[in-house]
Amino acid sequence: MTALGTIDRPHTHDPLKQALMSPYATTSEQPHGSATADFITAGAMTSRQNRTREMQLIPEALARAHMDDRMREADAERHALRLVAARRMQRKAERVSLRARRALAMAVMH
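A. Local environment of the overall build of the protein. Along the protein, the regular secondary structure elements total one helix and zero strands. Put simply, the protein has 110 residues, and 4% of those count as buried. Of all intrachain contacts in the protein linking residues separated by at least 6 positions in sequence, the fraction that spans at least 24 positions is 42%. As presented, the protein carries roughly 10,100 Å² of accessible surface, and 62% of it is formed by carbon and sulfur atoms.

Right, dumping it as structure tokens:
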């Protein structure tokens, strides 16, 4: 027999009929006759509402993570563009400096 669950805790897919988690680790620690107290539907409804609230917030969290990624990419690209511009200006400054040294050397020689 491959039936899931037990007589006291039958297996079900309906969240309204699911047993709540018991604060006791094993059945030997439970008070006598407490098996039916687990089938309180209010707890199942609360957990179901929490799940739907969490599920409603998932797209918002995904959008926030996506925007964080996009902002990081934009910052990295801005940093790379600044680095390229700085290198370009450095090469230009080196050429101007070399040209000035040549002009000075030509003026001293003549």
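Past the structure itself, the notes keep going.
B. Seen up close, the pattern of salt bridges. Taken as a whole and judged by the stated rule, the model has three salt bridges. Here E60 ties to R64 by a salt bridge, and the two come within 2.8 Å at their closest N and O atoms. Residue E60 and its partner R64 are located together in helix α1 (residues 41–109), separated by four residues, close to a single helical turn. For the salt bridge of D69 with R72, the shortest nitrogen-to-oxygen distance reads 3.0 Å. Note that D69 and R72 are positioned in helix α1 at a spacing of three residues, about one turn of the helix. Given a relative accessible area of 38%, D69 falls into the partly exposed group.

C. Inspection of a nonpolar patch on the surface at higher detail. Together, M55, I58 and L62 line one region of the surface with nonpolar side chains, adding up to about 330 Å² of accessible area. Checked against the element boundaries, M55 lands in helix α1.

D. Fine view of a positive patch on the surface. Taken together, the side chains of R87, R88, R91, K92, R95, R99 and R102 present a region of like positive charge at the surface. Among the secondary structure elements, R88 is positioned in helix α1.

What counts, and at which threshold
- Residues numbered from 1 in each chain as written.
- Predicted model: local features only at pLDDT ≥ 70, side-chain atom pairs only at ≥ 80, totals over all residues.
- Heavy atoms only, no water.
- Helix = DSSP H or I, 4+ residues; strand = E, 2+ residues; numbered from the N terminus.
- Buried < 20%, exposed > 50% of the residue type's maximum accessible area, 1.4 Å probe, protein only.
- Contact = heavy atoms within 4.5 Å.
- Areas by Shrake-Rupley, 256 points an atom, 1.4 Å probe, with all protein chains shown as cover.
- Salt bridge = Lys/Arg side-chain N within 4 Å of Asp/Glu carboxyl O.
- Patch = residues over 30% accessible without salt bridge, like charges linked within 9 Å, V, L, I, M, F, W, Y side chains within 5 Å.
- Lys, Arg positive; Asp, Glu negative; His and termini not counted.
- Charge placed at Lys NZ, Arg CZ, Asp CG, Glu CD.

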